[in-house]
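Tertiary structure, described
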Amino acid sequence: MKTACLVTFGCQMNVHDSQRMEELLRADGFELVPEPEGADVIVLNTCSVREKAEQKLRSEVGRLKRLDALVIVTGCVAQQEGERLLDRMPYIDAVIGPDNLHELPGVVRELEGGAPSMVRATFDTEAPRFLVNEATPGGVASSAYVTTMKGCDERCSFCIVPYTRGPERYRSADDIVSEVARLVAAGAREVVLLGQTVNSYRDPAVPMPEGSDPDDSQFASLLRRIVGEAKGLLRLRYTSPHPRHLTPDLLRAHAELETLAEHVHLPVQSGSDRVLKRMIRRYTRDEYVRRADALRSARKGLVLSTDIIVGFPGETAEDFDATLSLVREVGFVGLFGFKYSPRPYTPALKLRDDVPEQEKQQRLEALFELSEAQLRAHLATLVGTRARVLVEGPSKVGAATWAGRTERNEIVHFEAAPGVGPGAFATVEVTRANKHSLEGRVESVAVPAAEKPRSAIRRVALPLVEA
Ligand code: SAH
Ligand code: F3S
């Protein structure tokens with residue numbers, strides 16, 4: 001049997017895209033293997049959001065050129081560099097952008113037939129395509145990613161995504177709801193809706209009321225439809241929302257819909273109004289704090305995590321202090337921190353990258369220290385409480401055999417119990433808080449393990465992941 005290996009860098013969208021490419025290759029007779037060595041086809045699904053990600057691609061491709069395999073580069077670097085990748089790294093056989101991934105099996109067949117190296121990287125602005133989960137009955141992961149939209153119209157001044165993923169295009173709510181329903185019927189229990197600004201969602205089949213505010217969206221209606229129509233869905237998450245589209249209607253949806261998780265990842269980027277303005281984030285610190293508070297009032301117990309960039313051009317020590325104070329004020333329990341990295345095409349390139357590397361490093365460390373302390377304090381408050389846990393896979397922490405996630409996205413480890421396995425929904429009493437996770441004891445099992453579960457989403461993907 002022919003073999004293929006997918007190596008995934010970057011965000012959830014890429015993990016989703018890699019899963020769909022695996023399905024396409026499997027349908028074409030490939031066996032998927034975990035290591036590139038020995039594979040007939042190697043796909044590198046790339047990220048270009050920071051420079052380090054691109055460097056990793058280069059070193060990985062350098063390593064792979066010795067192997068006797070077709071090497072295909074997909075994703076954001078593919079879109080950004082196109083033909084230039086083939087010029088610089090002639091041992092690459094094909095370059096496929098995010099909107100052309102469905103062409104992968106055809107490209108592989110052409111290359112196998114002796115075709116020369118090729119580039120497929122055009123945005124499908126006229127008739128957008130979306131990659132859909134296969135949803136084989138009994139063969140789905142307990143937690144599945146579903147795309148709602150692609151591209152981004154925000155143009156935050158630091159971000160390359162609008163250039164690598166193109167303008168916003170939305171899937172019809174009918175298609176999204178029916179994919180979720182098929183996944184649930186096939187055994188999925190949690191769905192994570194994906195989009196670059198997922199809550200700016202607008203149904204292409206349903207016009208927005210005339211004169212509606214540009215911040216308005218139809219995301220809350222989509223959530224209500226999914227919960228109403230995909231019976232058996234136990235938990236619904238979405239990532240990542242943009243604070244400016246956190247509409248009153250979305251707040252109401254959080255209050256109404258029990259199925260919505262009690263965790264929202266709400267990227268803030270900075271706590272300084274001066275920096276937020278230069279980042280073109282379109283909200284002030286105060287607006288962000290008020291929206292975060294409103295979310296927590298809508299749903300008791302809801303926790304927030306965020307993304308933060310340190311060392312954006314012109315960020316002073318005072319600006320950074322404002323970020324630390326915002327992290328304390330909002331009380332984030334999870335945080336992805338990044339050092340600013342100048343990216344091609346982005347408006348921020350015009351600003352001087354003037355925060356020294358050492359200073360960026362120190363700010364990042366201070367940020368992590370604070371967020372780790374907040375996470376530890378938060379986890380400690382949970383000892384003795386009960387959590388509803390979706391079991392994801394095996395665990396080796398202490399005496400635990402299984403691990404899963406709570407409604408707030410905390411990881412919990414626990415010992416085996418009847419009915420417990422991937423896909424089970426259990427009530428767990430939290431007995432101990434570790435640095436980054438919880439330990440607990442299964443009290444009852446509301447929904448037993450799926451019969452033939454595949455492992456849950458690979459949140460941390462494959463051999464190479466960006467740190
Ligand atoms: N909307 C996307 C975010 C894309 S990028 C989503 O759904 O997740 C993910 C994060 O990378 C951003 O929130 C930002 O914090 C960080 N990032 C983006 N561009 C960056 C840059 N040039 N330098 C450093 N970090 C960056
Ligand atoms: Fe990037 Fe801002 Fe869009 S971070 S993906 S331009 S919301």
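Structure: above.
Quick summary incoming for the structure in this document. (Residues numbered from 1 in each chain as written. Chains lettered and ligands numbered in written order. Predicted model: local features only at pLDDT ≥ 70, side-chain atom pairs only at ≥ 80, totals over all residues. Heavy atoms only, no water.)

1. Details of the site of ligand 1
Basically, it comes down to this: Residue proximity to a molecule or strand is established when one non-hydrogen atom of the residue lies within 4 Å of it. Pairs of N or O atoms within 3.5 Å make up the polar contacts considered here, provided that, within protein, one atom can donate a hydrogen while the other can accept it, and that residues adjacent in sequence are counted only when both atoms are side-chain atoms. The Shrake-Rupley method, run with a 1.4 Å probe, gives the accessible areas here. Residue values count only the displayed protein chains as cover. Only Asp, Glu, Lys and Arg are considered charged in this grouping, and only Ala, Val, Leu, Ile, Met, Phe, Trp, Tyr, Cys and Pro are considered nonpolar; every other residue, Gly among them, is considered polar.
Lining the immediate surroundings of ligand 1 are 15 residues, of which Phe158, Gln196, Gln269, Asp307 and Ser341 lie closest. Within the backbone of phenylalanine 158, one N or O atom sits 3.0 Å away from a nitrogen atom of ligand 1. A distance of 2.7 Å is found between an oxygen atom of ligand 1 and a side-chain nitrogen or oxygen belonging to glutamine 269. Computed on the free molecule, ligand 1 has an accessible area of 550 Å², of which 89% lies beneath the protein chains in the complex. Residues that form the shell around ligand 1 fall into these classes: six nonpolar, five polar and four charged.

2. Focus: the sheet that holds strand β2 (residues 30–32)
Inclusion rule: By the convention used here, strands pair only if DSSP detects at least 2 bridges between them. By definition, any uninterrupted DSSP run of H or I lasting at least four residues is a helix, any uninterrupted run of E lasting at least two residues is a strand, and each is numbered from the N terminus. In this analysis an axis means a line fitted to C-alpha atoms, helices contributing only their contacting stretch, and an angle means the value between N-to-C directions, from 0 to 180 degrees. In what follows, residue pairs with any heavy atoms lying within 4.5 Å of each other are defined as contacts.
One open sheet accounts for six strands, arranged β2-β1-β3-β4-β5-β6; its pairing is parallel. Two strands in the sheet have a free side with no partner beyond their single neighbour: β2 and β6 (118–120). Strand-to-strand twist in this sheet, taken as the mean axis angle between neighbours without regard to direction, amounts to 20 degrees. Bridge count between strand β3 (residues 41–46) and strand β4 (residues 70–75): six bridges; the pairing is parallel. Bridge assignment links threonine 46 to a residue of β4, and that residue is glycine 75. In the packing of helix α1 (residues 12–27) onto the sheet, contacts are made with β1 (2–8), β2, β3 and β4, and the angle to β1 comes to roughly 175 degrees. Helix α2 (residues 51–64) rests against β3 and β4 of the sheet, and its axis sits at about 175 degrees to β3.

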